[in-house]
Amino acid sequence: MKALLMEDDLVLSKEVVHFLHQMQFECDAVFDGETFFRQQKSGGYDIYLLDINVPKINGLDVCKKIRETDATTPILMLTAYRDIQDKLDAFNMGADDYLVKPFHFDELFVRIQALLRRSSQPQEAKELIVIGDLEIDVREQSAKRAGQKIELTPKEYQLLLVLAKANGRTLSKHSISEQMWDNHFDSNLNTIEVYINFLRKKLDKNFETKLIHTRPGFGYYLAEQA
């Protein structure tokens, strides 16, 4: 496996590279956003590890630009920013996970393994999921309702897919958290409420029939119901 690390702290960068080499991972390191994209062109990377506060092009903008052409390679943010809004911003740009500094290298490795395991799972055989007038194109990672395209961030789409694949069953916050963040994201239960609200505004607000429902005390489910 091969990682590309963007980290402007030279000491930490060397320590991460050394640790990953010990774990039988290849790891190239860059120190700013412009150099990241030059290095990325060499290709062959299985995961990106991005600090946010780096020179020239910050980590959030790098993440967003990656996702414009690459929807699948895992992105793990490594940053000192710990506020919930910082985490939401990263996920909305397309990040898959978020690790706050200082961190233990063993936890870093577990996060990397979880992201790589998820990305290596075979593509869904069912490429189109239909619930009422909602269509989810799994291959294109897009959604339409009544023929109208719903613009979703990567995490909003992932939440929608998790709910859709439950086939109308109620999913607890814990179950959703486990599928979306492997239970590594602190405060993720509150964050799920935030994302449910984001998704409702985009999916249900302009339609009489609501698709996202709450079962008080149990969780959420997706179904056509007047």
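For the structure given in this document, a descriptive report is provided here. (Residues numbered from 1 in each chain as written. Predicted model: local features only at pLDDT ≥ 70, side-chain atom pairs only at ≥ 80, totals over all residues. Heavy atoms only, no water.)

**A short note on the packing of aromatic side chains**
Logical step 1: This structure, assessed with the given rule, holds eight aromatic pairs.
Logical step 2: Here the aromatic rings of Phe19 and Phe109 are separated by 6.3 Å at their centres, their planes lie at 85 degrees, and the arrangement is edge-to-face. Placement of Phe19 in helix 1 (residues 10–22) and of Phe109 in helix 5 (residues 105–119) is noted, with a sequence separation of 90 residues between them. The two residues Phe19 and Phe109 agree in class, both being buried.
Logical step 3: A centroid spacing of 5.3 Å and a plane angle of 90 degrees characterise the contact between Phe36 and Phe37, whose relative ring orientation is edge-to-face.
Logical step 4: Judged by relative accessible area, which is 13%, Phe37 ranks as buried.
Logical step 5: Grouping aromatic residues by their ring pairs yields a cluster made of Phe19, Phe25, Phe103, Phe105 and Phe109.
Logical step 6: For Lys65, the ring lying beneath its charged end belongs to Phe37, and the centroid distance is 4.8 Å.
Logical step 7: The ring of Phe207 is capped by Arg145, whose NZ or CZ atom sits 4.4 Å from the centre of that ring. (Phe/Tyr/Trp six-rings, centres within 6.5 Å; stacked < 30°, edge-to-face > 60°. Helix = DSSP H or I, 4+ residues; strand = E, 2+ residues; numbered from the N terminus. Buried < 20%, exposed > 50% of the residue type's maximum accessible area, 1.4 Å probe, protein only. Lys NZ or Arg CZ within 6 Å of the ring centre and 35° of its normal.)

**What about the nonpolar core?**
Logical step 1: Membership of the largest hydrophobic core comes to 49 residues, with the highest contact counts inside it found for Phe36, Leu50, Met77, Leu163 and Leu222.
Logical step 2: A per-element tally of this core places helix 6 (residues 154–165) first, with seven residues.
Logical step 3: Those residues within four positions of Met77 in sequence are excluded, and the remaining contacts are Leu50, Ile52, Gly59, Leu60, Ala90, Ala95, Asp97, Tyr98 and Leu99.
Logical step 4: Counting 20 residues, the second largest nonpolar core, distinct from the first, contains Leu12, Phe19, Phe25 and Phe109. (Core = buried A, V, L, I, M, F, W, Y, C linked by side-chain atoms within 4.5 Å. Contact = heavy atoms within 4.5 Å.)

**Remarks on the packing of helix 3 (residues 59–69) against helix 4 (residues 84–93)**
Logical step 1: Contact pair helix 3 / helix 4: the axes reach a minimum separation of 8 Å and the direction vectors enclose 25 degrees. Taken as axis vectors, helix 3 and helix 4 run roughly parallel relative to one another. For the pair formed by helix 3 and helix 4, the contact residues are Leu60, Cys63, Lys64 and Arg67 on the first element and Asp89, Ala90 and Met93 on the second.
Logical step 2: Classifying every residue of the contact of helix 3 with helix 4 by side-chain character gives four nonpolar, no polar and three charged. (Axes fitted to C-alpha atoms, helices over the stretch in contact; angles between N-to-C directions. Parallel < 35°, antiparallel > 145°, perpendicular 65-115°, else oblique. Nonpolar A, V, L, I, M, F, W, Y, C, P; charged D, E, K, R; others polar.)

**Points about the pattern of salt bridges**
Logical step 1: This model, assessed by the stated rule, comprises eleven salt bridges.
Logical step 2: Salt bridges sharing common partners tie together Glu7, Asp51 and Lys101. (Salt bridge = Lys/Arg side-chain N within 4 Å of Asp/Glu carboxyl O.)

Structural measurements only, silent on function.
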